[in-house]
Amino acid sequence: MDILKSASLKSYNTFGIDASAKLFAIVTSLAEIQELYAHFKNENKLPLGGGSNILLTQNFDGLVTKLNLNGKEIVKETEDHVWLKVGAGEAWHDFVIWCVENNWSGVENMSLIPGSVGAAPMQNIGAYGAELKDVFKSLEAWLPEDNSVEVFDNKTCDFGYRSSIFKKQLKGKAIILNVTFKLSKKQNLNTSYGSIEEELALMKISNPTIKNVSDAVIRIRQSKLPNPAEIGNAGSFFKNPVVPTETVVQLLKKYPNAPNYNVGEGLVKVPAGWLIETVGWKGKVFDDRFGVHKKQALVLVNYQNTKGQEIFDLSENIIEDITEKFGITLEREVNII
Ligand code: EPU
């Protein structure tokens, strides 16, 4: 295992921010992680999956560990279901494609989400009416503090909207090693999310297969979301805020067409993308280098040579503006380092 000093992290974060790590290593097994963490006991640590949900606002004064724990295996199978154990370092989309090719259903709506399998439970990734927690069975994580490997199930992960125990009590305290999923061998599609049906109609498909749904999602994402390989970004920068019904009643008086989704218990989700677009930030470009994506206002982008702090400052300005104009405070989805 090589340990690099003053290593650039540019190719390890999808924002493409050129920050550096004092120390950097790529690991492929738990034994290597343990060795590394024991050796650099007193350094700050930053474990990295696909680097698709972080914003590096400064150089990292410590050890960055790129987790390349690979492997995919079937661990159990019945007539209706299959249980798959997948290494945390596998690319999420490659895992989805493997499932689609084998006709296992449950993750096709989450096609083309950037990032690694190990990072997926951290924030309970989701898209187009599907969420990781619906196909999640368990995971194994290493807890550096007591050098133990613990198993977490759906309940102990404490999943919420873009959240889990790993973003709360166990933030920075667990390294996910592998994830076990339970998928359906019966075609069990969920096309109820508006734009999927529209896209399938455009594709002239009336009896969709798992592959058709995956293709439709890929087409929708490619039409709206910037490809990190071309334009630096970390997907949705903000979460969609969940606010009391009363706030939305006021909002609708001024904007009768404001999209909103009742989530129960007197709470309503309002799309942050709509709020940001409505106050005029969508498509803004600053200094030819960074800005707000032109097709999806929820996504901040680095066109070239942007410092993480500049993206952070832009997000601060957006949050302040939305708070002032709507009385709604946006929260960041991306982890700020
Ligand atoms: N909208 C706008 N302007 C925009 C963007 C959205 O008015 O610039 C409106 C749309 O017209 C629609 C509503 O907001 O009425 C919802 O938009 P969309 O379906 O595009 O989804 P979203 O709520 O903006 C969420 C996820 C995405 C996920 C999509 C599709 C969050 C924070 N984001 O976005 O996830 O792909 O739904 O399911 O929940 C990600 O997490 O990185 C991500 C891309």
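Residues numbered from 1 in each chain as written. Predicted model: local features only at pLDDT ≥ 70, side-chain atom pairs only at ≥ 80, totals over all residues. Heavy atoms only, no water.

(A) Highlighting helix H1 (residues 30-39). Listed in full, the buried residues belonging to H1 are Ile33, Leu36 and Tyr37. Buried residues in H1, looked at end-on, bunch into an arc of 95°, giving them a common side. Set apart from the buried face of H1 by more than 90 degrees, the exposed residues are Glu35 and His39. Residues of H1 that are buried sit in contact with strand E1 (3-8), strand E2 (20-27), strand E3 (44-48), strand E5 (60-67), strand E10 (136-143) and strand E12 (175-184). (Buried < 20%, exposed > 50% of the residue type's maximum accessible area, 1.4 Å probe, protein only. Helix = DSSP H or I, 4+ residues; strand = E, 2+ residues; numbered from the N terminus. Arc of directions from axis to C-beta. Contact = heavy atoms within 4.5 Å.)

(B) Representation of the domain arrangement of the protein. Here the domain parsing of the protein yields domain 1 (3-67), domain 2 (72-224) and domain 3 (232-336). Across the contact, 10 residues belong to domain 1 and 11 residues belong to domain 2. Together, the buried faces of domain 1 and domain 2 total about 830 Å²; carbon and sulfur atoms form 72% of this surface. At the boundary of domain 1 and domain 2, one finds 0 salt bridges. The tally of links from domain 1 across to domain 2 stands at 2 residue pairs in polar contact (both at pLDDT 80 or more). Counting residues per element, the side of domain 1 that touches domain 2 draws most heavily on H1, which supplies 4 residues. The class makeup of the residues in the side of domain 1 that touches domain 2 is 5 nonpolar, 5 polar and no charged. (Domains from an automatic or database assignment. Buried area = accessible area lost by both parts, 1.4 Å probe. Salt bridge = Lys/Arg side-chain N within 4 Å of Asp/Glu carboxyl O. Polar contact = N/O pair within 3.5 Å; in protein donor to acceptor, adjacent residues only side chain to side chain. Nonpolar A, V, L, I, M, F, W, Y, C, P; charged D, E, K, R; others polar.)

(C) Structural detail: the pattern of salt bridges. For the structure shown, the criterion picks out 18 salt bridges. Between lysine 185 and glutamate 77 there is a salt bridge, and its shortest N-O distance comes to 3.0 Å. Taken together, the positions of lysine 185 in the loop between E12 and helix H4 (194-202) and glutamate 77 in strand E6 (residues 72-77) put the pair 108 residues apart, joining distant regions of the chain. Its relative accessible area of 45% is what places glutamate 77 among the partly exposed residues. Note that glutamate 333 is salt-bridged to arginine 162, the shortest N-O span being 3.4 Å. Of this pair, glutamate 333 sits in the loop between helix H8 (308-326) and strand E20 (335-336) while arginine 162 sits in the loop between helix H3 (154-157) and E12, and the two are 171 residues apart along the sequence. The same class applies to glutamate 333 and to arginine 162, which are both buried.

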